[in-house]
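Summary of structural features
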Amino acid sequence: MPRSIAYRLYIAWDGSSYVAETARLIQATGENKLTAPDQIAQGRGIVDRCTLELANQDGRYSPLNTGGALYANIQAGGAYHRPMYLEAAIDGSTYSRIFTGIIKMPQEATPTPTAAAVTRIECRSIDEKLLGRRMSSSAADLRANNAAGVREGAIIAQWLTAAGTGGSIDAGVFSVPWAWLDDESVLEEIWQLASACGGRFYANPDGVLCYEDMTHWLKSPHNTSQETLTRADFAGLEPVYGDADLYSSVTVEASGRDVGAADVLWEPEEQVVIPPDISKTVTARLRQAAYSIDAPFWKAGTAGGNDITSSVTVTVTAYNVQRVEMTITNAHTTEAAYMHPFSISGRALTGGPAQEETRTSAANGGNSAWWTSRGTTRSKAIRGNAYIQTGAHAAALALAQLHRSEAPRLTYRLRGCPGKPSRRCGDRITINDTAIMSSARDAFITGISWRLTQNGFTQDIEAIDAAGLFPYAAAEYFIVGTNKLGAAGTGTARIWY
């Protein structure tokens, strides 16, 4: 019996009031993807995408048509970053989001004798808004975080709060001594921090920003299969053993930092001159990140050398880790103020000695015989991630990456699956194809490509085999408040890396 598929598309053309555009939707396609769990410390994350095709026979979506129903909202690029969401329901079930995001820019195609008027709208998941958002961290927050020994989850939550948003954020695994933003993309830095800690940051189809730490998939509901997919549930199955991330040795570099002695952090490259009766904003870009910053030291004089310091005020508006924002006001009505001397002192963060931690299959892994029988080795080096700052952190990442890389990684691609709106990346599923496997295998979904039309809803699934992703079962790891210390005995368990 054919499935009954219902869907709803809503767009807030004015930025707040959602309007139903369902009747005009011809088709929608998109991708939801996660950074694979075996890609530790690789850096960049993924912004999901969605493409809408809408019927435009009456010019509703035409930004150059003054008579169009949406002209006031979409003229001159007005559709940019307007919120949208798409949801679906199967056989009368509850609607579930397929995609939540923001519009990039509509692309209109003029009608021809063989083609109807159609507008194509590219959308991105809501983390796109953070990609171009640049921020700086205060020196006070840097010191407080360092003193508290906060983990990466708290840092990510702090940055999101400063950006005016929030999400579902795991507490994290690693203490990161020094983490700050210096006029940098919030999203790109969160990706770097998440990657350095073996986690992942993404926006889910419900429009929630998520940070999942290194242990996330060991916990409920990821330790239970959410569904079983058999030959009746896909048009094609392609299991692949890959060698792209196959290594017998993994080296991770840690770059620590130390607090230096008091010194001059900034002096202007050119003399700062403030015209009479004028206020001027000055940004002092510090030579190095600063642990502490003293108040500016300055005097002011006229071009002829007369002291007019009493007519000048310097107000610091922000002590950021690598820049100080100041407003300088010259109250003198006739003379320009020449700032000399003018400097900022404090204690800088200096680069400590770099160290490397290496883990090998022969000494630390479980697949040494496999490599020995092939008479070869392959090495991987992870360097340049500024958030890996201690030897213990580097050692944990090196061993975790080795465990996930020393044997060929099994992945799956399932094509033509009947679409399931509630299906999510990160779901644990069971795959059972009796034509090619002797027994069913569990896997984690890492990518979903989907297509929704009036005629159907299908998904292609990418998944990574669950066996060997973690060297031990979830129940074998130490849980604070549950397990006991000790090498053996009732209630003891293994420490996570």
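Below is a short write-up of the structure. Values in this document were obtained by computation on a predicted structure and should not be read as measured data. (Residues numbered from 1 in each chain as written. Predicted model: local features only at pLDDT ≥ 70, side-chain atom pairs only at ≥ 80, totals over all residues. Heavy atoms only, no water.)

Before going further, it helps to spend a moment on the state of the cysteines. Defined simply, a disulfide is a covalent bond joining two cysteines at their sulfur atoms. Here the structure, examined in full by the defined rule, presents 0 disulfides. Lacking any disulfide linkage, Cys197 is separated from the closest cysteine sulfur, that of Cys210, by 17 Å. When its relative accessible area of 0% is taken as the criterion, Cys197 is described as buried. Classification of Cys210 as buried rests on a relative accessible area of 7%. (Disulfide = S-S within 2.5 Å. Buried < 20%, exposed > 50% of the residue type's maximum accessible area, 1.4 Å probe, protein only.)

This part covers helix H5 (residues 186–196). The buried count for H5 comes to 9 of 11 residues, which makes it a mostly enclosed element. Inspection of H5 places Val186, Leu187, Glu189, Ile190, Trp191, Leu193, Ala194, Ser195 and Ala196 among the buried residues, and these make up the whole buried set. (Helix = DSSP H or I, 4+ residues; strand = E, 2+ residues; numbered from the N terminus.)

The next thing to look at is the packing of aromatic side chains. Overall, the coordinates contain 12 aromatic pairs when judged by the stated rule. Between the aromatic rings of Trp217 and Phe444, the centroid separation amounts to 4.5 Å while the plane-to-plane angle is 15 degrees, which identifies the pairing as stacked. A residue pair is termed long-range when its members are at least 10 positions apart, and Trp217 in the loop between strand S12 (209–212) and strand S13 (227–230) and Phe444 in strand S26 (residues 441–453) qualify at 227 residues. One aromatic cluster in this structure is built from Phe470, Tyr472, Tyr477, Trp496 and Tyr497. A cation sits over an aromatic face here: Arg378 above Tyr247, 5.3 Å from the ring centre. Note that Arg494 overlies the ring of Tyr472, its terminal NZ or CZ placed 3.9 Å from the centroid. (Phe/Tyr/Trp six-rings, centres within 6.5 Å; stacked < 30°, edge-to-face > 60°. Lys NZ or Arg CZ within 6 Å of the ring centre and 35° of its normal.)

A separate point is the packing of helix H4 (residues 152–162) against H5. Two elements in contact, H4 and H5, have axes separated by 11 Å at closest approach and are oriented at 175 degrees. Taken together, the axes of H4 and H5 are roughly antiparallel relative to one another. Judged by residue contacts, Glu152, Ile155, Ile156, Trp159 and Leu160 of H4 engage Val186, Glu189, Ile190 and Leu193 from H5. For the contact of H4 with H5, a count of residues per class yields 7 nonpolar, no polar and 2 charged. (Axes fitted to C-alpha atoms, helices over the stretch in contact; angles between N-to-C directions. Parallel < 35°, antiparallel > 145°, perpendicular 65-115°, else oblique. Contact = heavy atoms within 4.5 Å. Nonpolar A, V, L, I, M, F, W, Y, C, P; charged D, E, K, R; others polar.)

Core analysis: the biggest nonpolar cluster contains 93 residues, and Trp13, Leu52, Trp159, Phe201, Tyr412, Leu414 and Trp450 have the highest contact counts within it. Among the elements that make up this core, the one with the highest residue count is H5 (7 residues). For Leu414, the contacting residues outside a window of four places in its chain are Leu229, Phe234, Gly236, Leu237, Ile431, Gln459, Asp460 and Ile461. In terms of nonpolar packing, the next biggest core, distinct from the first, is built from 23 residues, Ile274, Ala290, Ala300 and Met339 among them. (Core = buried A, V, L, I, M, F, W, Y, C linked by side-chain atoms within 4.5 Å.)

A few words now on the sheet that holds S12. Strand order in the open sheet formed by 3 strands is S9-S12-S11, and the pairing between neighbours is mixed. Of all the strands in the sheet, the pair left with one neighbour each is strand S9 (167–169) and strand S11 (200–203). Taking each pair of neighbouring strands and ignoring which way they run, the sheet shows an average axis angle of 10 degrees. Relative to S12, S9 runs parallel, the two sharing 3 bridges. (Pairing = 2+ DSSP bridges.)

These figures capture arrangement, not role.
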